[in-house]
Amino acid sequence: MKDLLVSPKEITKDLVVDEDSSFGYFLSDSFEEKKSSLHFLVKEGKNLSLTLVDFTKSDLDIDFVIDLEENSKATLQIASIDSGNFTKIFHGNVNHNGIASTSLTKMAGINSSTGTLRFLGSSYIKNGAHKSSTRQEAKITNLSPDAKSECSPALLIKENDVKASHGAALGAYDPEMLFYLMSRGISLEESKKLITFGSLLPIIESLEDKDLVSKIKDSLGGLIL
């Protein structure tokens, strides 16, 4: 099952995933729902891929809750750009309720103005959900000294026989990376774009719509950093 929504007015839903499924959301312009929630129950042995790309110029507060049964798998990916005085908050919560369940959460963002961008959430492995595996990754690039950003992944582990890890990065450009790119003839502006968009592109490309991905890349290329 595949479902791609482009510029939806709302995304709140509660869904049981009883077959391998892929859901993609591209939010652009303004978005009417300031508070949204998506809850997915992934049944035994099924896979869920969930991607959200946010280019809106509005406040957002979106909760993702994924419940995993035995031998199920979920990948949650979020890419967001905050280019104004907006408050954008994304919560990615994955609950491992069954044994040998697997999850990967990846969040990447750019905060280029005076707004607030927050990546929050947790991976919970309950007692008895042994042989489960979870990984959380969050990264925000601040392009303004007035940007207010937060990456706060959390691991809530109640079982010993599991794999669990997380990583978070928050900051501006790595001067060594800039020097490396510019030493190979790439301009300062293009070097910044390569570094900034490098974390977003893998998530954007997972939308699996060539025309839409091409349009999004064109929009990224037109941004002035």
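Every value quoted in this text rests on a predicted model; they were computed, and no experiment measured them.

1. Looking at helix 2 (residues 188-198)
Here is step 1: When helix 2 is considered as a whole, its buried residues turn out to be Ser191, Lys193, Thr196 and Phe197.
Here is step 2: Buried residues in helix 2 make contact with strand 9 (102-111), strand 11 (133-142), helix 1 (175-182), helix 3 (201-205) and helix 4 (210-221).

2. Regarding the packing of aromatic side chains
Here is step 1: Inspection of every chain in the model, using the stated rule, returns three aromatic pairs.
Here is step 2: Consider the rings of Phe26 and Phe55, whose centres lie 5.6 Å apart with planes at 70°: the pair is edge-to-face. Within this pair, whereas Phe26 is found in strand 3 (residues 21-29), its partner Phe55 is found in strand 5 (residues 47-56), the two being separated by 29 residues in sequence. No difference in accessibility class separates Phe26 from Phe55, as the two residues are buried.
Here is step 3: With a centroid separation of 6.0 Å and an interplanar angle of 55°, the aromatic rings of Phe90 and Phe119 are classed as tilted. Taken together, the residues Phe90 in strand 8 (residues 87-96) and Phe119 in strand 10 (residues 116-125) connect sequence positions 29 residues apart.
Here is step 4: By relative accessible area, which is 1% here, Phe119 ends up buried.

3. Digging into the pairing of strand 3
Here is step 1: Within strand 3, eight of the nine residues are buried, leaving the element largely enclosed by the surrounding structure.
Here is step 2: Pairing of strand 1 (residues 2-6) with strand 3 involves five bridges; the strand directions are parallel. When the bridges of strand 3 are listed, Leu5 appears paired with Tyr25.
Here is step 3: Across nine bridges, the pairing between strand 3 and strand 5 is parallel. Residue pairing in the sheet places Phe23 in a bridge with Leu50 of strand 5.

4. Section: the pattern of salt bridges
Here is step 1: One pass over the structure, following the stated rule, counts nine salt bridges.
Here is step 2: With a closest N to O distance of 3.4 Å, Asp61 and Lys35 form a salt bridge. Highlighted residues: Asp61 in strand 6 (residues 60-68) and Lys35 in strand 4 (residues 35-42), separated in sequence by 26 residues.
Here is step 3: When the shortest N-O distance is used, the salt bridge between Lys88 and Asp54 registers 2.9 Å. Here Lys88 is found in strand 8, whereas its partner Asp54 is found in strand 5, with 34 residues between them in sequence. Neither Lys88 nor Asp54 differs from the other in exposure class; each is buried.

5. Quick look at the pairing of strand 7 (residues 73-82)
Here is step 1: Counting buried positions along strand 7 gives nine out of ten residues, so the element sits mostly inside the fold.
Here is step 2: As judged from the eight bridges shared by strand 5 and strand 7, these two strands associate in the parallel manner. Along strand 7, the bridge assignment pairs Leu48 with Ala74.
Here is step 3: Where strand 7 and strand 9 come together, ten bridges link them in parallel fashion. Along strand 9, the bridge assignment pairs Leu76 with Thr105.

6. Describing the sheet that holds strand 13 (residues 163-171)
Here is step 1: Across the sheet, seven strands lie side by side as 1-3-5-7-9-11-13; this open sheet has parallel pairing. What marks the edges here is a single partner per strand, and that holds for strand 1 and strand 13. Sheet twist, expressed as the mean angle between neighbouring strand axes with direction ignored, is 5°.
Here is step 2: Sitting on the sheet, helix 4 is in contact with strand 1, strand 3, strand 5 and strand 7, with an inclination near 40° to strand 5.

7. A closer look at the environment of Val16
Here is step 1: By the element assignment, Val16 lies in strand 2 (residues 13-17).
Here is step 2: Spatially, the C-alpha atoms of Val16 and His39 are 8.5 Å apart, while their sequence positions differ by 23 residues.
Here is step 3: Not counting chain neighbours up to four residues away, the residues in contact with Val16 comprise Leu41 and Lys43.

8. Observations concerning the sheet that holds strand 6
Here is step 1: The sheet built from six strands is open, its strands ordered 2-4-6-8-10-12 with parallel pairing. Edge strands, defined here as strands with exactly one partner in the open sheet, are strand 2 and strand 12 (148-157). Adjacent strand axes in the sheet meet at a mean angle of 10° when their direction is disregarded.
Here is step 2: Across ten bridges, strand 10 lies against strand 12 in parallel orientation.

Conventions we followed
- Residues numbered from 1 in each chain as written.
- Predicted model: local features only at pLDDT ≥ 70, side-chain atom pairs only at ≥ 80, totals over all residues.
- Heavy atoms only, no water.
- Buried < 20%, exposed > 50% of the residue type's maximum accessible area, 1.4 Å probe, protein only.
- Helix = DSSP H or I, 4+ residues; strand = E, 2+ residues; numbered from the N terminus.
- Contact = heavy atoms within 4.5 Å.
- Phe/Tyr/Trp six-rings, centres within 6.5 Å; stacked < 30°, edge-to-face > 60°.
- Pairing = 2+ DSSP bridges.
- Salt bridge = Lys/Arg side-chain N within 4 Å of Asp/Glu carboxyl O.
- Axes fitted to C-alpha atoms, helices over the stretch in contact; angles between N-to-C directions.

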